[in-house]
Amino acid sequence: MKKSGATAGFQAAAGAGVIVALMLPFSRGRLEATLVGHVLVQMPLLVLAGWLLGSALAEKLERVMEQWNRFGVAGFTFAIFVMLFWMVPRSVDTAIAHTGYEIFKFAGLPCAGAALALSFPRTIPLLAGALKAHFVSMLAVLAWLYTAAPVRLCNSYLASDQKMLGAGTALFACAFAIYWALGPLFGLPKPQPTIASGAAAAREAPGGARI
Amino acid sequence: MANVSALVDRSTAVGAKPALTAVKLSMGLGGLALVLLMLLGLCMRLAQGGLLSMEPELFYEIMTAHGAGMVGIAALTGAGIMWFFLARHVQLTAAVYWLMLCCFLLGVALVLGAIFVGRFAGAWTFLYPLPAHSGGVWETGAAAVFLAGLLSIGTAFLLFYLETGRAIIARYGNLSQALAWPLLLRGSQDDAPPPAVVASAAVIVFNGIGIVVGAAVLAISLINLYAPSFTIDPLLAKNMIYFFGHVFINATIYMAVIAVYEIIPEYTGRPWKTSRTFAAAWSAIMLMVLAVYPHHLLQDTVMPGWALAIGQVVSYAAGLPVIVVTAFSLLVYLTRSGMRWDLASALLVTGVFGWTAGVMPAIVDAVIVVNRVMHNTLWVPGHFHFYLLIGEMAMAFGFMAWLTRADVPEGLPGASYWGFLAYLIGGTGVAVTFLIGGAMSVPRRWAVHVPEWFMQDRAAAFFALISIIGTIVLLGRYLARLAAAAKA
Ligand code: HEM
Ligand SMILES: [Cu+2]
């Protein structure tokens, strides 16, 4: 399935635009003022921006991905590690205090998003489904973790912020669960790569094997 | 046993080998584990009846192994059935079944290690805060290994549902098509899915949700073991655990009944079709299975009243649709069909009626007024032994008998007949003695019983022995025939 150049251009512009908008001192200050704004708005938006950029580049990177990102394994591994890093309260805290961390965040999360965008279309449904199910239950666990934490976890944020973050994460978990359930329930049929057909299609046609 | 193998290897819709060996292996392993765990059940009954002296610690280890193991067996045999018949209609990837089996066995090893090496004895329901507060009976590590084992088993079934779901979507477009919603809403559907697909789709949806919730509460419990200051709201934990537990154990029968839909038509010569009622029943069940679990919390007075009211009301309703549709259709199909009885058909029909009968005491107990008296008495094991032993496992043995049937009508000759009868009478006896205990207000999960209760404990042990003999006959027949087919 070829994407028109216009779509790719639009996605790239939107992705870059979101990142720039998030970097502006005004929005940075506003969002990082609260834990919810920081973790549940800014960070997901950075990942989303990366996703848009990644989708825009998908066509160009087809060759490379073909060799280095079979079934999205490399991309997922990278994205998981970046997200694990930013799941730790200490990292969130340090991003406020140290510019180096902040820069790493603004670079790393979009890269994780791009990696996801370049990996989901090439993976097998089994892996994609397992990751999604895992993600939802991890969000639920995180929601509990932040709500149940007996101490303040961040120097820069209030303990009450943690409770709000917990509640927000629970909402996120529900939203993702519902969103991901709608596709299999009502979605339009899509061609699916399987282990066998995916590999075969990948061998035959560079640029194929996309869902 | 001539020509057993010819029938064992049946061609499928797509011709691919749908992990037939793995399914046969699952059923065999399930059968063997069943015999062992039934023996443990017998030991528990003997201990309660004062005929076998057993330390309470050991009793609870055995009870944990028996509960977790039986739930696992029911799930594995149900999954084997669902996989086998789904492969007739959609294209499944055999490797995923093997992967599922590996994760499952890894989980079993962890669970057994936690119980018999680590001495974990907190019951299969791992209800918070018991795993974390053993009173010195087991170490934190043992509880952690147990929870990790359950997580591994959960992962196994997650993979199973992802693959079966993927294959169904590849064939039918999406799950609402596979649930026959167009038929349900408009009265017609081109390419309407067969009952096996409708049932599978419903199970995938509700058990998928159940497993995700289960994984979350397992992970939370694990973290809490090592970081006790992160406390869990016990009521929330109980809600999540019983949601998961109720959905998971129910799914086992809803998977096993697929064997009835697919096999009975071979006997009656009348295809089992997806009707509008059938589709409605399965969709209703899909939603209600998720909504009825509060019937486990009827004595938790801190629960909101509306949740308990839902638990009670939906329990009446949830018991009914699929059972009524299945049992009623079965009767219609059977009447004047001139069906020949053999071991497979006898067990499958028994399964449907065992399931139906077993649900009745469950519905009774879900009435709040009754529950006030019956909660946590042996009435509870009474109903679930009924529909697991005479329902789910009977369907599983029916499937196994059918897998290994000969190509000439066999009827129900000597050994098969007596094995079947022993299984049926013994199993019913096990369930009914539990129900009697419940009616006498004997509490469930008590290692030590007072002499006034010994009568029903000992009667139960007697019936258990008979049912174990029956099981050994049925399993022996299956294994012997597989061995014969392998040699031929
Ligand atoms: C010979 C047959 C069996 C006997 C004698 C037996 C006996 C028992 C006994 C004595 C208990 C503990 C009751 C109490 O609370 O005091 C029990 C619990 C249980 N049994 Fe069985 N059982 C048998 C078969 C089965 C089968 C076939 C299944 C499922 C497929 C099963 C599933 C369970 C479960 C889930 C529990 C609950 C454990 C708990 O309370 O944590 N049993 N059984
Ligand atoms: Cu229940």
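This text follows the structure it describes.
What counts as what
Residues numbered from 1 in each chain as written. Chains lettered and ligands numbered in written order. Predicted model: local features only at pLDDT ≥ 70, side-chain atom pairs only at ≥ 80, totals over all residues. Heavy atoms only, no water. Helix = DSSP H or I, 4+ residues; strand = E, 2+ residues; numbered from the N terminus. Buried < 20%, exposed > 50% of the residue type's maximum accessible area, 1.4 Å probe, protein only. Lys, Arg positive; Asp, Glu negative; His and termini not counted. Charge placed at Lys NZ, Arg CZ, Asp CG, Glu CD. Patch = residues over 30% accessible without salt bridge, like charges linked within 9 Å, V, L, I, M, F, W, Y side chains within 5 Å. Areas by Shrake-Rupley, 256 points an atom, 1.4 Å probe, with all protein chains shown as cover. Salt bridge = Lys/Arg side-chain N within 4 Å of Asp/Glu carboxyl O. Axes fitted to C-alpha atoms, helices over the stretch in contact; angles between N-to-C directions. Parallel < 35°, antiparallel > 145°, perpendicular 65-115°, else oblique. Left-handed = near helix turned anticlockwise from the far one by under 90°. Nonpolar A, V, L, I, M, F, W, Y, C, P; charged D, E, K, R; others polar. Donors = N, O, S within 2.8 Å, 3.2 Å for Na, K, Ca; no water. Near = heavy atom within 4 Å. Polar contact = N/O pair within 3.5 Å; in protein donor to acceptor, adjacent residues only side chain to side chain. Core = buried A, V, L, I, M, F, W, Y, C linked by side-chain atoms within 4.5 Å. Contact = heavy atoms within 4.5 Å. Tetrahedral: all angles 85-135°; square planar, octahedral: opposite > 155°, others 65-115°. Buried area = accessible area lost by both parts, 1.4 Å probe.

J.: Hey, could you run me through the overall build of chain B in this one?
T.: Scanning chain B for helices and strands turns up 18 helices and 0 strands. Over its C-alpha atoms, taken along the principal directions, chain B stretches across nearly 60 × 50 × 40 Å. Out of the 488 residues in chain B, the part that is buried amounts to 62%. Averaging the coordinates of the 23 positive side-chain charges in chain B and doing the same for the 19 negative ones gives two points 9 Å apart.

J.: Is there a simple way to think about a nonpolar patch on the surface in this case?
T.: All names here are of chain B. On the surface, L25, L29, W98 and L105 cluster together into a nonpolar patch covering about 330 Å² of accessible area. Inspection of the secondary structure assignment puts L105 in helix α4 (residues 94–117). Taking the relative accessible area as the measure of exposure, L105 reaches 39% and is therefore partly exposed.

J.: Is there a simple way to think about the packing of helix α2 (residues 20–48) of chain B against helix α18 (residues 454–487) of chain B in this case?
T.: The relative placement of two packed helices is expressed as an angle between their axes plus a distance between the axes. All names here are of chain B. For the pair α2 and α18, the least separation of the axes is 9 Å and the interaxial angle reads 160°. In this view, α2 runs roughly antiparallel relative to α18, as classed from their interaxial angle. Two packed elements cross with a definite hand, and for α2 against α18 that hand is left-handed. Split by residue class, the contact of α2 with α18 holds 19 nonpolar, 6 polar and 3 charged.

J.: Looking at this structure, I do not really get the coordination of the copper ion (ligand 2). What am I missing?
T.: Tetrahedral coordination by four donors sets the ideal angle at the metal to 109.5 degrees; octahedral coordination by six donors sets it to 90 or 180 degrees. Residue and element names in this part refer to chain B. Within the protein, the copper ion (ligand 2) binds to H246 (ND1), H295 (NE2) and H296 (NE2); these donor distances fall in the range 1.9 to 2.1 Å. On the primary sequence, the residues serving as donors to the copper ion (ligand 2) are separated as H-x48-H-H. Remark: H295 occurs in the loop between α11 (276–291) and α12 (305–319) and H246 occurs in helix α9 (residues 234–256); sequence separation between them is 49 residues. Relative accessible area serves as the criterion here: at 8%, H246 is assigned to the buried category.

J.: I'm lost on the site of ligand 1 in this one. Help?
T.: Residues and elements named next belong to chain B. In the region of ligand 1, 24 residues are neighbours, and Q48, H66, H385, R444 and R445 sit closest. The side chain of Q48 places a nitrogen or oxygen atom 3.0 Å from an oxygen atom of ligand 1. Within the contact set of ligand 1, an oxygen atom lies 2.6 Å away from a backbone nitrogen or oxygen of R445. Among the elements of the structure, α2, α3 (56–86), α16 (379–403), α17 (414–439) and α18 are those that each provide at least two residues to the shell around ligand 1. Examining the composition of the shell around ligand 1, we find that 7 residues originate from one element, α2, more than from any other.

J.: Just to check I follow, could you spell out the nonpolar core for this structure?
T.: Nonpolar side chains tend toward joint burial in soluble globular proteins. Within the largest apolar cluster, 191 residues are counted, with the highest numbers of intra-cluster contacts made by F146(B), Y161(B), F206(B), W282(B), W355(B) and F399(B). In contact with W355(B), other than residues within four places in its own chain, are I253(B), Y254(B), V257(B), V322(B), I323(B), T326(B), Y387(B), G391(B) and M395(B).

J.: Whenever I open this one, the coordination of the iron atom of ligand 1 confuses me. Can you help?
T.: Residues and elements named next belong to chain B. Coordination of the iron atom of ligand 1 by the protein involves H66 (NE2) and H385 (NE2), with metal-donor separations of 1.9 to 2.0 Å. What the 6 donor atoms of the iron atom of ligand 1 show is an angle range of 89 to 179° at the metal, which sorts the shape as octahedral. One end of the pair, H66, is in helix α3; the other, H385, is in helix α16, with 319 residues separating them in the sequence. One exposure class covers both H66 and H385, and it is buried.

J.: Hey, could you run me through the interface of chain A and chain B in this one?
T.: One frequent convention defines the size of an interface as the accessible area lost when the parts assemble. In this complex, chain A contributes 23 residues to the contact, which on the side of chain B involves 26 residues. Surface buried jointly by chain A and chain B totals about 2000 Å² across both partners, of which 79% is contributed by carbon and sulfur atoms. On inspection of chain A and its partner chain B, the count reaches 0 salt bridges. Seen at the junction of chain A and chain B, the total is 5 residue pairs in polar contact (both at pLDDT 80 or more). Elements supplying a minimum of two residues to the side of chain A that touches chain B: α8 (125–148) and α9 (159–186) of chain A. The element best represented in the side of chain A that touches chain B is α8(A), accounting for 12 residues. In terms of residue class, the side of chain A that touches chain B is made up of 17 nonpolar, 6 polar and no charged.

J.: Teacher, can you tell me more about the packing of helix α3 (residues 35–57) of chain A against helix α7 (residues 99–119) of chain A here?
T.: Residues and elements named next belong to chain A. In the contact formed by α3 and α7, the axes pass within 6 Å of each other and the chain directions differ by 50°. The pairing of α3 with α7 is recorded here as oblique in orientation. With respect to the hand of their crossing, α3 and α7 are arranged in right-handed fashion. Contacts from H38, Q42, M43, L46, V47, G50, W51, G54 and S55 in α3 reach K105, F106, L109, P110, G113, A114, L116, A117 and L118 in α7. Here the contact of α3 with α7 is built from residues that sort into 11 nonpolar, 6 polar and 1 charged.

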